[in-house]
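Per-entry structural report
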Amino acid sequence: MANDLTLSLKIDLSKFNGSLDEAKKALLGVEGTHAVKVEADPKNALDGLSKIGNALTGLWASVQMVKSAWTNTVGSWVANAQESVKAYKLVEQGIVATGGAAGFTADELAGISEELMKMSNYDDDEIMEKLTSPLLTFRNIAGPTFKEAQLRAMDLSTVLHQDLQSSAIQLGKALNDPIQGVTALRRVGIQLEEEQENQIKSFMAVNDIASAQRIILDELAAQVGGQAQATADPIKQMAVAFGNVGEALGKVLLPYINEFARLMTGSVIPFIQNDFMPAVKGVVDRLRL
C-alpha cells in the first residue's frame, strides 16, 4: 500500500530586487516548487528531501553572505539609518499628539536639528530623539521660543555634563509653567533674582506666558549661553559627519534589507519549521518501520 506525502517549498523572488544582487543570485536555486512524494519505497522521499535540503543549503549560504556583509560595516550603517527613522517618527508623532502646538513641521524640526548639529558635538538624530521630541510634549513652548529652548538645553547639558533628554525635560518644565519652573531651575544651579521672579509672577497673572518665558531664557543665556558651541570639537564633528554618510547609505539599503527580512520571516523560516522538519521526521519514522 502506498502512502503519499507531498511537501512543497515555493519562494517567489520576482519582487526581490535592488542592491543585494549576490544574495538574490544565491536564492535563485531555491525559487520554485520542490515536492516530496512518499510511496512504497521511502528512497524516493529521501531523494526529494535531499533536493530540498540542497536548495535550503543555497539559501543558508546567501543568508550567511548577507550576515557577513552586515557585520562588516553595513550593519552599523543600517542601524544608524534605523535610529534616524525612529527619531523622525518620534518627532512626527509628537507633533500629531500635541496638535502641532510647537508650530513646526517634522521636516522643519529636522532642519533645525541639523543646524544645531553643525555648531555642537551632538548628532542630529540624537537632538531629534532626546531634545526635540521631549520638548514637544510641553504645549506652551512654541515658535521662536521652542527653537531657542533647544539651543539653551544643549548649553545646559554641556555645563552640567548631563544628557540632552534630562536638560530638555528640566527646561521644558520651567518654560511650560514659569512660576513653578523657577524652583526647578534653582535645583540645577540656575538662580533668578527676586525681581525676576516677581516679574514672572506678574506676567503670568495676566496670562503673558511668552514674556515670562523670555525672562527665563535670557537668564539662561546669561549663565550658560554659548557653551555647546564653544566646546564643539572638530574631531568629534568629523566623526559625526562620517557617521551621517554611513547613515545615508544605510537608508538606501534599508528597504531592500527589510524586504529580505520579510521574505525570510514570511516564507522561508515558517516553511522550515512547519513543513520541512515535520516531513523529515515523518520519513525517518517510516524508515524505522
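Our subject is the structure listed above.
In this report, we go over the structure that sits alongside the text.

The rules behind each value
- Residues numbered from 1 in each chain as written.
- Predicted model: local features only at pLDDT ≥ 70, side-chain atom pairs only at ≥ 80, totals over all residues.
- Heavy atoms only, no water.
- Phe/Tyr/Trp six-rings, centres within 6.5 Å; stacked < 30°, edge-to-face > 60°.
- Helix = DSSP H or I, 4+ residues; strand = E, 2+ residues; numbered from the N terminus.
- Buried < 20%, exposed > 50% of the residue type's maximum accessible area, 1.4 Å probe, protein only.
- Contact = heavy atoms within 4.5 Å.
- Polar contact = N/O pair within 3.5 Å; in protein donor to acceptor, adjacent residues only side chain to side chain.
- Expected span 1.5 Å × (residues − 1).
- Arc of directions from axis to C-beta.
- Core = buried A, V, L, I, M, F, W, Y, C linked by side-chain atoms within 4.5 Å.

The tally for this structure, following the rule as stated, stands at 1 aromatic pair. Relative to Phe146, the ring of Phe104 lies with its centre 6.0 Å away and its plane at 45 degrees, an arrangement referred to as tilted. Note that Phe104 is positioned in the loop between helix 2 (43–97) and helix 3 (106–118) and Phe146 in helix 5 (residues 143–160), a separation of 42 residues in sequence. Each member of the pair, Phe104 together with Phe146, is buried.

Now for the side chain of Ser157. Its place among the elements puts Ser157 in helix 5. Take Ser157: its relative accessible area is 2%, and that puts it in the buried class. For Ser157, the residues in contact, after removing those within four places along its chain, are Tyr122, Gln162, Asp163, Leu164 and Ser167.

Bringing the environment of Arg139 into the picture now. Relative to the helices and strands, Arg139 resides in the loop between helix 4 (124–136) and helix 5. Sequence separation between Arg139 and Ile95 is 44 residues, and the spatial gap between their C-alpha atoms is 10.0 Å. Contact partners of Arg139, with chain neighbours within four places excluded, come to Ala97, Thr98, Ala101 and Asn176. A distance of 3.2 Å separates the side chain of Arg139 from the backbone oxygen of Thr98, its partner in a polar contact.

Turning our attention to helix 8 (residues 194–205). The end-to-end C-alpha separation of helix 8 is 17 Å, in line with the 16 Å expected for 12 residues at 1.5 Å each. Those residues of helix 8 that sit buried are Gln196, Glu197 and Ile200. One face of helix 8 carries all of its buried residues, which in axial projection span an arc of 100 degrees. Within helix 8, the exposed residues directed more than 90 degrees away from the buried face are Glu194, Glu195 and Ala205. The inward-facing, buried residues of helix 8 abut helix 7 (178–187) and helix 9 (209–224). Note on helix 8: the residue one or two positions beyond its end, Asn207, has a positive phi of about 60 degrees.

All right, on to the nonpolar core then. Among the nonpolar cores identified, the biggest contains 42 residues, and Leu109, Ile127, Leu131, Leu135, Phe146 and Met154 are the most heavily contacted of them. For Leu135, the contacting residues outside a window of four places in its chain are Ile141, Phe146, Ala149, Gln150, Ala168 and Gly172. Ranked by size, the runner-up nonpolar core spans 5 residues in total, among them Val78, Ala81, Leu253 and Ile257.

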